[in-house]
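Fold and contact review
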Amino acid sequence: MDGQNLDLAYLSLSAILFAIGGVGLLIRRNPLVMIMCVELMLNAVNLTFVTFGKMLNDISGQVIVFFVLVVAASEVVVGLGLVVAVARRRPDADADDLRLLRG
Amino acid sequence: MITATTVTTTGTGATDMSVEVAVFAVCAVIVILGGLGVVLSRNPVHSALSLVATLFAIAVLFLNLNAQLLAAVQVIVYTGAIVVLILFVMMLLGIDTDDDLETEPLVTQRLFAVIVGLFLLGAILAVIIIGGNDAVTGAHSVTQALVTDGYQNINQLGRQLFTTYVFALEITAGLLTIAVVGAVVLSRRPKDVQPIPEPESMIDQGDEPLSVTTDEGAH
């Protein structure tokens, strides 16, 4: 396997990981597991960015990963804040119970 | 073989292709199994541990791609902060009980979800496979060409972050501050904690039932 094919293998791996995360986001109802699935998808995108940076011989692919990391951290912080706020009122709520956007 | 391994571990660029392929193969298996573990585990704690395995394998893949700083950041930020935060919330709320995965609240929802996922996967893989080596197009080295030395990688990333992307970096700082403030506001304990679905108590209507004292004591 030469370098180009290995790069394509990296892209395929991140495509598989992205699809796994997407399916998990659709079928799971526990909000914490859904957050973890979003993390899987963001990591797949990070892997794609780094691979693109290698294929195009450009450092920007790695710089963008930093910004994705920051967005992921913010998303987790706000998402967990929401989970805590909801669970304080309804301890056994899942994603289906929260369709009204109010506690 | 020994020299190739030391080259890879010291981060000065993997020269031997077979080592790179072997590392990729092992990590790819861990990534996929960990991802499936996140989705299919009945217990959320097991999902979080599978997520840790996946994130570690991706960090190794970053090393394999000569992104040494990102590999370290991946381990520190994701496994050190984000997953630990998720586990903390899990333990704090005590919702580490098993989920019921057998019943399907929306009929055929999973079937459609898997179909959508396979369609998505097929679309991306089609682009990659049909496009082949032309799948990624674009100008080479728009900002700066990669250097493959470990120390140079950190140097180069920092230089780019504080020159070309300095405005985005400042916006990022604002985003993090807003997220922290938002989390504090969201998780602040409100003064009138009462479950909303409960009906109004009779105190508002002027009555004073006997259970008022215990009710007040609970607050």
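Residues numbered from 1 in each chain as written. Chains lettered and ligands numbered in written order. Predicted model: local features only at pLDDT ≥ 70, side-chain atom pairs only at ≥ 80, totals over all residues.

**Some points on the interface of chain A and chain B**
Each side of the interface is counted separately: chain A has 65 residues, and chain B has 72 residues. Looking at the side of chain A that touches chain B, the elements with two or more residues in it are α1 (3–27), α2 (31–55) and α3 (60–89) of chain A. Considering each element in turn, the side of chain A that touches chain B owes the most residues, 22 residues, to α3 of chain A. Residue composition of the side of chain A that touches chain B, by class: 43 nonpolar, 15 polar and 7 charged. (Contact = placed C-beta atoms within 7 Å. Helix = DSSP H or I, 4+ residues; strand = E, 2+ residues; numbered from the N terminus. Nonpolar A, V, L, I, M, F, W, Y, C, P; charged D, E, K, R; others polar.)

**A word on the confidence of the model for chain B**
All names here are of chain B. Of all residues in chain B, 77% attain a pLDDT of 70 or more, and the chain-wide mean is 79. Within the model, the stretch residues 1–14 combines pLDDT values under 50 with 20 contacts to residues more than four positions away or in other chains. pLDDT under 50 marks residues 211–219. Its contacts with residues more than four places away, or in other chains, come to 1 contact. Model confidence for the complex is summarised by a pTM of 0.81, with the ipTM given as 0.90. (pLDDT = per-residue confidence, 0-100.)

**Side note on the packing of helix α2 (residues 17–40) of chain B against helix α3 (residues 44–64) of chain B**
Residues and elements named next belong to chain B. Close contact between α2 and α3 brings their axes to 8 Å; oriented N to C, the two are set at 160 degrees. By the angle between their axes, α2 is roughly antiparallel relative to α3. The hand of the α2/α3 crossing is left-handed. Residues Glu20, Val23, Phe24, Cys27, Ile30, Val31, Gly34, Gly35, Gly37 and Val38 of α2 form the contact with α3, whose participating residues are His46, Ser47, Ser50, Leu51, Ala53, Thr54, Ala57, Ile58, Val60, Leu61 and Asn64. Per-class residue counts for the contact of α2 with α3 are 12 nonpolar, 8 polar and 1 charged. (Axes fitted to C-alpha atoms, helices over the stretch in contact; angles between N-to-C directions. Parallel < 35°, antiparallel > 145°, perpendicular 65-115°, else oblique. Left-handed = near helix turned anticlockwise from the far one by under 90°.)

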